[in-house]
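Structural overview for review
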Amino acid sequence: MTEPSKRPYEPEPPPLPIRQVEGQEWWLWGFAVAVTLVLTFGILSLTFPGFRLPASGFYSLNLKEWVRGLAALVLLFDIYTVYQHLQLQRVRRRLAERDRLFQLITENAADMIAVVDGHGRRLYNSPAYQKVLGYGADELASTSSLEQVHPDDRDRVLEAAEKARLTGRGERLEYRIRHKDGSWRVLESTASAIPAQGGGTDGLVIVNRDITERKRVEALLAHQAFYDGLTNLPNRALLLDRLQRAMVISRRHSDFKFAVLFIDIDEFKVFNDSLGHEAGDDLLIQIAQRLKVSLRGVDTVSRPRPGKDIDPLPGESTLARPGGDEFVVLAEELHDPSDAIRISERLQERMTVPFTVNGHEIVVTAGIGIAFSDPNRTEAQDVLRDAEIAMYRAKHAGKARCEVFDNAMHVGAVQRLQLETDLRKALELDEFRVHYQPLVSLQNGQIVGFEGLSRWQRPQGIVMPGDFIKVADEIGLILAINRNLLREACEQLRRWHALFPSDPPLTFSANITAKQFAQGDLASQLGEILQQTGMDPRLIDLEITENIAMADAERSAIVLSELKALGVRLSIDDFGTGYSSLCRLQRFPVDTLKIDRTFISGMDQDIETHEMVRIIIMLAHNLGLKVVAEGIEKPEQMAMLKHLGCEMGQGYLFSKPVSADEIEKLLTSRFTTSASHTRAKAAGSPSD
Ligand code: C2E
Ligand code: MG
Ligand code: MG
């Protein structure tokens, strides 16, 4: 609180109690001297000759008594005076000590202490005023301190001062005051009334504390709690707060519509990893600015409408960054749901202008998911999650896509979440099994090896890989699933090698997914399993699809060479469904090409398909690759493939993928048949 005073600055006004004491003291001394003089004169006049009254017994006796009595009175009075003097000295010393203490406290206190009289005139200002506000004593004296108070706070200050004066008790008050350098300081002030002797107040003692720094830190903390440190955009907490507010309004006013646009930058991780995190941050800041500017643009962009040229798009939109490479727009007061799509298109269009980071030109695209205000949703995070689900769908569909949330998406997302949870549990419960599908030599019909295919054995039945491999791959669970599969299969193969020896020995093929292939230590992990199970690497075949190999051809060449160095064989799976470029495959150290089932199933019906299969086999052979035909179901297909020189086949014609027990039965029967053949041949009888 400030003291509205116009009186000059008086550093040391003589304290009132001392003045009173001193006044009393002079009066006392004067009175004592006067009484002493009068009494001395009286005694002398009665004692000295000339002053003698006629001698009579009565008078001389009375005179002596009078003199003695007067002398005793003088003595008593002087004793009293000396006693009073000593008392006064003690009081004066104590007051002087208190004065010194007051001086010491006020001079050294960091807080600004002011004393104002009953009329609000300034009686005292502690030196802290100069330290905190920069004003010297003279400057303070010549200005009204109310002038320095922020205009918006003046009424409050006056009101508080008045209240303190009336009630005798001041309340805590915060107000802004101008520093000599022109900046604003925040003061926290408390006033106490000085009680007057006859009741009421004599003035106020005001203690002002500079809390500017504390306020700044508090404001900073509050800002950090609600704003993203990198882009200075509202963070998730503030976004949810605004979203909740919008939801409340939309429940009250049915015509108030809003939309949430969930934006995710396509392949931001790639930029971040290749340019470094600092450059990644820079890119995010630029994207935030671009989006902000684009939204402002959207607000004023006109929308053609019959009869009207200009119809502004939604007024308020909040751009927030809930985290990572995600941005969210809360577009309020939509006229029509199509407004949200228009905003999304505008944002995507603006993003196509390249960004410059570290001198590199970078083109960024973003996937956008849109969720609209829905009266059935009560929680802000549910709406945000809907928009996020739609965003994932958009990203799934490709780059720079936009999807609007619908309920089917919600059901899909819930199912997907359930599947993820179930898959994790299944791994713990060891519910994954390996089924083996034989690979057969088309030249002699012998089983040469097996492809291992996963099956999820749930209590409610078997789940096929098509229904879980992709999700398992996306959540990284495939790594553990296939590690177990490979270990189990290697042990199984070793057992079959011992039971059913053949030349060459039975091989095993395993499928590799994108996630596995992207793993840095695929080769070393595989090497470890081979070593632990004692499996000959030459009998292992790893199948990767063309798409995986071609996604990052340079890296693939390195990984494939690492795998090759282990001694394993490599195959291209599902050939014909992806890039279908034998030329490009040439640079990879692969051994086998597996022609996709779709070609094989059509080759006996369609001459063109037959021709394509013929050419693929021919080109593969030219590149030194062996060929496996997938999905042979009919003897005619097998006959055609054999005729075209295809080395191996796989399909229901020979066997469906079955359990290890089934395979063992199959191998036993084949083994005994061929053994009896051999015996029969040896005995010279005709075999077939
Ligand atoms: P794939 O590697 O091309 O495996 C061949 C698929 O074709 C198998 O389907 C097999 O059952 C099926 N198939 C084989 N012969 C015939 C036939 O004559 N007719 C028909 N209609 N289908 C035939 P499955 O077991 O459903 O596996 C599907 C895909 O899932 C596999 O394709 C493979 O890419 C993937 N997969 C399966 N298990 C695993 C695994 O453990 N790890 C990985 N990474 N992928 C796996
Ligand atoms: Mg395969
Ligand atoms: Mg295949």
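Up top is the structure.
Source: prediction; values computed, not measured. (Residues numbered from 1 in each chain as written. Chains lettered and ligands numbered in written order. Predicted model: local features only at pLDDT ≥ 70, side-chain atom pairs only at ≥ 80, totals over all residues. Heavy atoms only, no water.)

Contact geometry for helix α17 (residues 522-533) and helix α19 (residues 553-566): axes closest at 9 Å, N-to-C directions at 20 degrees. Taken as axis vectors, α17 and α19 run roughly parallel relative to one another. Where α17 crosses over α19, the handedness of that crossing is right-handed. Note on element contacts: α19 touches α17 through E562, L563 and L566, opposite L522, A523, L526 and G527. Split into classes, the residues belonging to the contact of α17 with α19 amount to 5 nonpolar, 1 polar and 1 charged. (Axes fitted to C-alpha atoms, helices over the stretch in contact; angles between N-to-C directions. Helix = DSSP H or I, 4+ residues; strand = E, 2+ residues; numbered from the N terminus. Parallel < 35°, antiparallel > 145°, perpendicular 65-115°, else oblique. Left-handed = near helix turned anticlockwise from the far one by under 90°. Contact = heavy atoms within 4.5 Å. Nonpolar A, V, L, I, M, F, W, Y, C, P; charged D, E, K, R; others polar.)

Attention now goes to the side chain of S250. Tracing the backbone shows S250 in helix α8 (residues 236-252). Setting aside chain neighbours within four positions, we find S250 in contact with F256, F258 and S373.

Attention shifts here to the nonpolar core. Y436, W496, F508, L542, L563, L593 and L641 are the most contacted members of the largest nonpolar core, which totals 64 residues. The biggest single contributor to this core is helix α15 (residues 478-499), with 6 residues. Residues in contact with L641, not counting those within four places in the same chain, are L442, I600, M603, V613, I617, A629, I632 and C646. Core analysis: the next-biggest nonpolar cluster, separate from the first, contains 30 residues, I287, L295, A331 and L347 among them. (Core = buried A, V, L, I, M, F, W, Y, C linked by side-chain atoms within 4.5 Å. Buried < 20%, exposed > 50% of the residue type's maximum accessible area, 1.4 Å probe, protein only.)

What follows is about the coordination of the magnesium ion (ligand 2). Taken together, E451 (OE), N511 (OD1), E543 (OE) and D573 (OD) make up the full set of protein donors to the magnesium ion (ligand 2), lying 2.0 to 2.3 Å away. All donor residues of the magnesium ion (ligand 2) come from one chain, and their arrangement in sequence is E-x59-N-x31-E-x29-D. The class for N511 is partly exposed, based on a relative accessible area of 24%. Judged by its relative accessible area of 6%, D573 is buried. (Donors = N, O, S within 2.8 Å, 3.2 Å for Na, K, Ca; no water.)

Right, let's talk about the site of ligand 1 for a bit. Surrounding ligand 1, one finds 24 residues, the nearest of these being E451, S454, N511, E633 and Y652. A distance of 2.8 Å separates an oxygen atom of ligand 1 from a polar atom in the side chain of E451. Of all the secondary structure elements, the ones that give two or more residues to the shell around ligand 1 are β14 (447-458), α15 and β18 (569-575). Its residues assigned to classes, the shell around ligand 1 shows 8 nonpolar, 8 polar and 8 charged. (Near = heavy atom within 4 Å. Polar contact = N/O pair within 3.5 Å; in protein donor to acceptor, adjacent residues only side chain to side chain.)

Relative to the elements of secondary structure, Q637 occurs in helix α23 (residues 635-643). A relative accessible area of 2% places Q637 in the buried class. Side-chain polar atoms of Q637 contact the side chain of D604, separated by 3.5 Å. Of note is the side chain of Q637, whose polar atom sits 3.1 Å from the backbone nitrogen of K634.

The subject of this paragraph is the packing of aromatic side chains. In this description, a pair of aromatic rings is defined by centroid distance and the angle of the planes. This model, assessed by the stated rule, comprises 9 aromatic pairs. Relative to F258, the ring of F256 has its centre 6.5 Å away and its plane inclined at 50 degrees; by these criteria the two rings are tilted. Summarising the burial analysis for this pair, F256 and F258 share the class buried. Measuring from ring centre to ring centre gives 6.3 Å for Y436 and F450, while their planes differ by 85 degrees; the resulting arrangement is edge-to-face. Residue Y436 is found in strand β13 (residues 432-441), and its partner F450 is found in strand β14; the two are separated by 14 residues along the sequence. For Y436, a relative accessible area of 0% puts it in the buried group. Each residue in the set Y436, F450, W496 and F508 is aromatic and connected to the rest through ring pairs, giving one cluster. When the ring centre of F355 is taken as origin, the NZ or CZ atom of R290, which lies over that ring, is 4.0 Å away. Positioned above the aromatic ring of Y652 is the side chain of K656, whose terminal nitrogen or guanidinium carbon lies 4.8 Å from the ring centre. (Phe/Tyr/Trp six-rings, centres within 6.5 Å; stacked < 30°, edge-to-face > 60°. Lys NZ or Arg CZ within 6 Å of the ring centre and 35° of its normal.)

What follows deals with a positive patch on the surface. Taken together, R90, R93, R94 and R98 make up a surface patch of like positive charges. Turning to its location among the elements, R94 is positioned in helix α2 (residues 57-108). (Patch = residues over 30% accessible without salt bridge, like charges linked within 9 Å, V, L, I, M, F, W, Y side chains within 5 Å. Areas by Shrake-Rupley, 256 points an atom, 1.4 Å probe, with all protein chains shown as cover. Salt bridge = Lys/Arg side-chain N within 4 Å of Asp/Glu carboxyl O. Lys, Arg positive; Asp, Glu negative; His and termini not counted. Charge placed at Lys NZ, Arg CZ, Asp CG, Glu CD.)

Turning our attention to the coordination of the magnesium ion (ligand 3). The coordination sphere of the magnesium ion (ligand 3) contains the protein donors D573 (OD), D574 (OD), E630 (OE) and E630 (OE), at a distance range of 2.0 to 2.7 Å. Donor residues binding the magnesium ion (ligand 3) come from one chain and are separated in sequence as D-D-x55-E. A spacing of 3.8 Å is found between the magnesium ion (ligand 3) and the magnesium ion (ligand 2), which share D573 as a donor. Taken together, the residues span a long stretch of sequence, with D573 in strand β18 and E630 in strand β20 (residues 626-630) at a distance of 57 residues.

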